Each structure stands twice: as structure tokens, then as C-alpha cells.
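Overview (structure and organization)
What follows is each chain in one-letter form.
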Amino acid sequence: MKLSGVELRLISMPLVAPFRTSFGVETTREILLLRAVTDEAEGWGECVAMSDPLYSSEYVHAAVDVLTRFFIPALADVPVLDGTAVAPALARFKGHRMAKAALETAVLDAELRAQGRSMGRELGAVRDRVPCGVSVGIMDSIDELLDAVGGYLDAGYLRIKLKIEPGWDIAPVRAVRERFGDDVLLQVDANTAYTMADARHLAGLDAFDLLLIEQPFDEEDVLGHAELARVVKTPVCLDESITSARAAADAIRLGACQIVNIKPGRVGGYLEARRIHDVCSASGIPVWAGGMLETGIGRAANVALAALPGFTVPGDTSASDRYYRTDITEPFVLDHGYLAVPTGPGIGVTPIPDELAAVTSKVDWLPL
Ligand code: NPQ
Ligand code: MG
């Protein structure tokens, strides 16, 4: 393939309701979309970086900058460009995995569309639909939380994840168990809000038969998670700490996680995400697909990844309407708790021009 250029587009998507986590509240999702234009086809990639560096060090305008200055120009030197050639071409540049992931995905999508192959088939999907969970933000009251959880269960979600932080952990979990019973698949996500000093308090969650506790400690505190795993019965799951297949292998060897959240953006792309899936499968570690409030573009590829055999528990691959009243693609709609894996070429979905135009704030064309 010959790349003629990449379009960088900033869009602004209002959320259906504010989404509060231990690191802050989001009401509008600012998203960078990439469109790779080649001589054979066009491909799309969604960058999952947030507007502020709160989930990780990356943020939207840093991604725009590093893509513009370094990553896109570096592709001009690649003799035979396809999806697998992107990561090696960018390897000398440190970090910025979300920006790298978006560019790799756009090129891979173009390649697959040119070949008429789907992302699911390319990655090794073994299912045509995936079970879906939902991530429920921190609320102002327990009553408000119970209403939200009840609504998601009515909508068919097969697993509930509660966002927690100090002061909002045992009580909301207990309230959800008391109201909705012991059969609900339930887990919690702290987004690094605790330290080892909280270990005994977190052991208080053991009484509620949770599937897992996700990333209680700092992303660099892998050893701390291994120590926690020895004092709590709830399985420890890592998200922010797992930045590569090597990091996953190390964390598993240390006993720092019994389960792993895989987000392609966090680890530099879908090809590295698949390697993490493979490392975990070889160690008997279940994985599940994380989410970053993606539009249909990012969601489509996440659903394809979640159809791999090691994804044995429901992920955060929610329906479009969990976050957005209007998606920029055909919406992903829950069918008895499942989303269908797209079967069309590439990621299998394309932005609807009018919807895309309505949310676009800036477009830049970067010729190669
Ligand atoms: C997680 N996602 O698993 C993340 C964190 C997260 C679905 O819980 C704007 C953009 C707001 C990305 C809030 C879920 C966000 C965001 C939370 C990601 O840790
Ligand atoms: Mg998480």
C-alpha cells in the first residue's frame, strides 16, 4: 500500500450523563480520529486519549502533536506499508502508545478493507457476538446508583462494574448486592485511588463475591498489587499497569494479577493487544476487553478483539447508547446482553458523514 496522507479530526461528543471516576468527572468526550488514505483504501483509527492526562500521561493534544511531528512523517520511510509495519517504524519513539495505536489501527483498517478481510478474522475471533458489561460511575448517592444499576440490568447488561474510590467502596457494593442479589456478576475499578495502607479495608470487599478488583494501586506499583493479592480473596485485575505484553508477562510472574483488562490504546495497538491475550492464555489468566468511551469506530474494533478465545468474561464493550445519544457510526445495540462482531471489511463500520460533520471541531490533512 502507498499512504498518501492522514487526516486528523477532533470531535466533541456530549455524554448522555456525566461519568465520574476516582480521577475526575467527564461530561463531554473530546476525541481524535484518524483517517489513513492509501492508493488502495481508506482506514479509520480512534485515539482513546482523554482531553486531560488523568487516566495515563497521554492526552488528546499531545497525541495530535506527536503524530504530526514524528509518527506520520516516519511512515514515509516505510518501504512496504501495512498494519504490521507501523509499530516497527515507530518503535524508536518512546511511549505515546495511544497515538501509536490509533495510527496502526487506521493503516490496518485500510489494509483489511483493501483485502476485503474483517478485523475479527484478522485478529483470530472465534465468536460472532460478545457478552457485554457496563461501567457505572461514582454517584452522589446510593439511591442514584441503584437506579442506574437497575436500568443497566433491565437493558440486559450481563456484568456490572462499579467505579470506586476511598469513601465510595464497601457501601455501594453492599447496597448493589442487597438490592440485586448474589447472582449479578459484579466487579469494581479503583483507577489507582488506593495504597497498601488500604489493604485491610479492601479485604472488606471479600464478603461480596466480586469477580475482581481492578487497578487499586498506582500503575507503577506492580509489586504492591502482588502483596495485595496475598491478603485479599477478591482476584486482582490490572488495567493501567499493563502497557505491553512484556509488562503483562512480568506482572503475571510476580503474582500481581489473576486477570487482565486489555485496552488496545493503552498498549500501542490491536496487534500488541493480541500478544497480551496470547501471553495471558498461555498462563491461564483470563482477559476481558476494557473501554475508553469509544465511538462506534473504536467500539467496532474492541468488539472484534473481545471475540478472541481468551476473553472469557464480559468486558466494558457497552452499547453506543451507554455513552452517546447519537453515535457517529451505525449504533452498536445490545441484543440480550450481547453485541454482534462486525463482519464487513476492516473494522466493519464507517462514520456517517452528517453525524461526523455535526461533532467535528477541527480537521487537518497531513500529506506524506
Ligand atoms: C477504565 N473505562 O476501565 C476506564 C477509565 C475511563 C469504561 O471504566 C473519558 C475518557 C472518561 C476515557 C473515564 C471505563 C473516562 C475514560 C474513565 C476512561 O479504567
Ligand atoms: Mg480500569
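Residues numbered from 1 in each chain as written. Chains lettered and ligands numbered in written order. Predicted model: local features only at pLDDT ≥ 70, side-chain atom pairs only at ≥ 80, totals over all residues. Heavy atoms only, no water.

Lining the immediate surroundings of ligand 1 are 20 residues, of which Ser135, Lys163, Asn191, Lys263 and Gly291 lie closest. Here an oxygen atom of ligand 1 sits 2.7 Å away from a polar atom, N or O, in the side chain of Asn191. Between a nitrogen atom of ligand 1 and a main-chain N or O atom of Gly291, the distance comes to 2.9 Å. Relative to its unbound accessible area of 440 Å², ligand 1 is 99% covered by the protein chains. For the shell around ligand 1, the elements supplying multiple residues, two or more each, are β1 (3–21), β2 (24–38) and β6 (159–163). Counted by class, the shell around ligand 1 contains seven nonpolar, four polar and nine charged residues. Of the residues that make up the shell around ligand 1, three or more belong to each of domain 1 (3–116 + 351–367) and domain 2 (121–340). (Near = heavy atom within 4 Å. Polar contact = N/O pair within 3.5 Å; in protein donor to acceptor, adjacent residues only side chain to side chain. Areas by Shrake-Rupley, 256 points an atom, 1.4 Å probe, with all protein chains shown as cover. Helix = DSSP H or I, 4+ residues; strand = E, 2+ residues; numbered from the N terminus. Nonpolar A, V, L, I, M, F, W, Y, C, P; charged D, E, K, R; others polar. Domains from an automatic or database assignment.)

The seven strands are arranged β5-β6-β7-β8-β9-β10-β11 in an open sheet whose pairing can be described as parallel. Of all strands in the sheet, those bounded by a partner on one side alone are β5 (133–136) and β11 (287–289). Relative to β11, strand β10 (residues 259–262) runs parallel, the two being bridged by three bridges. What sits directly across from Val260, in β11, is Val287. (Pairing = 2+ DSSP bridges.)

The next point concerns the nonpolar core. Of all hydrophobic cores here, the largest spans 88 residues; its most connected members are Met119, Val136, Ile160, Leu162, Leu205, Val260 and Ile276. Residue contributions to this core peak at six residues, all from helix α12 (residues 296–305). Not counting the four nearest positions on each side in its chain, Met119 is found in contact with Thr105, Leu108, Leu112, Tyr270, Ala301, Ala304, Gly346 and Ile347. Ranked by size, the runner-up nonpolar core spans 36 residues in total, among them Ala36, Ile72, Ala89 and Met98. (Core = buried A, V, L, I, M, F, W, Y, C linked by side-chain atoms within 4.5 Å. Buried < 20%, exposed > 50% of the residue type's maximum accessible area, 1.4 Å probe, protein only. Contact = heavy atoms within 4.5 Å.)

Here the focus is the packing of helix α1 (residues 60–74) against helix α3 (residues 97–115). The contact between α1 and α3 brings their axes to 10 Å, and the two run at 60°. Taken as axis vectors, α1 and α3 run oblique relative to one another. Judged by the twist between their axes, the crossing of α1 over α3 is right-handed. Of the residues in α3, those in contact with Ala63, Val66, Leu67, Phe71 and Ile72 of α1 are Ala99, Lys100 and Leu103. (Axes fitted to C-alpha atoms, helices over the stretch in contact; angles between N-to-C directions. Parallel < 35°, antiparallel > 145°, perpendicular 65-115°, else oblique. Left-handed = near helix turned anticlockwise from the far one by under 90°.)

So, on to the UniProt feature "domain: Mandelate racemase/muconate lactonizing enzyme C-terminal" (unreviewed entry) in the chain. Summarizing the sequence annotation, UniProt attributes the feature "domain: Mandelate racemase/muconate lactonizing enzyme C-terminal" (unreviewed entry) to residues 142–235 in the numbering used throughout. For residues 142–235, the end-to-end C-alpha separation is 25 Å, with 43% helix and 12% strand making up the annotated structure. (UniProt positions renumbered as here; feature names shortened; annotations may be inferred.)

Glancing now at the coordination of the magnesium ion (ligand 2). Protein-derived coordination of the magnesium ion (ligand 2) comes from Asp189 (OD), Glu214 (OE) and Asp239 (OD), at a distance range of 2.1 to 2.3 Å. We note that the donor set of the magnesium ion (ligand 2) lies within a single chain, spaced as D-x24-E-x24-D. Linking Glu214 in strand β8 (residues 213–214) with Asp239 in the loop between β9 (236–238) and α9 (245–254), this pair joins segments that are 25 residues apart in sequence. With respect to class, Glu214 is no different from Asp239; both count as buried. (Donors = N, O, S within 2.8 Å, 3.2 Å for Na, K, Ca; no water.)

This part covers the side chain of Glu294. In this fold, Glu294 is placed in the loop between β11 and α12. Despite its burial, Glu294 pairs with no opposite charge; the closest candidate is Arg299, at 4.4 Å N-O. At a separation of 3.0 Å, a polar atom in the side chain of Glu294 contacts the side chain of Asn302. (Lys, Arg positive; Asp, Glu negative; His and termini not counted. Salt bridge = Lys/Arg side-chain N within 4 Å of Asp/Glu carboxyl O.)

For the rest of this paragraph, the subject is the packing of aromatic side chains. A full pass over the atoms with the stated rule returns five aromatic pairs. Their ring planes at 75° and their centres at 6.0 Å tell us that Phe19 and Tyr323 sit as a pair that is edge-to-face. With Phe19 in strand β1 and Tyr323 in the loop between α12 and β12 (338–340), this residue pair connects regions lying 304 residues apart in the sequence. Given the relative accessible area of 8%, Phe19 is considered buried. Look at Tyr152 and Tyr157: their rings are 5.8 Å apart centre to centre, the planes differ by 80°, and that puts the pair in the edge-to-face class. A connected cluster of aromatic rings, assembled from ring pairs, spans Phe19, Tyr323 and Tyr324. Its end group placed over the ring of Trp288, Arg159 keeps NZ or CZ at 5.3 Å from the ring centre. For Arg322, the ring lying beneath its charged end belongs to Phe19, and the centroid distance is 5.0 Å. (Phe/Tyr/Trp six-rings, centres within 6.5 Å; stacked < 30°, edge-to-face > 60°. Lys NZ or Arg CZ within 6 Å of the ring centre and 35° of its normal.)

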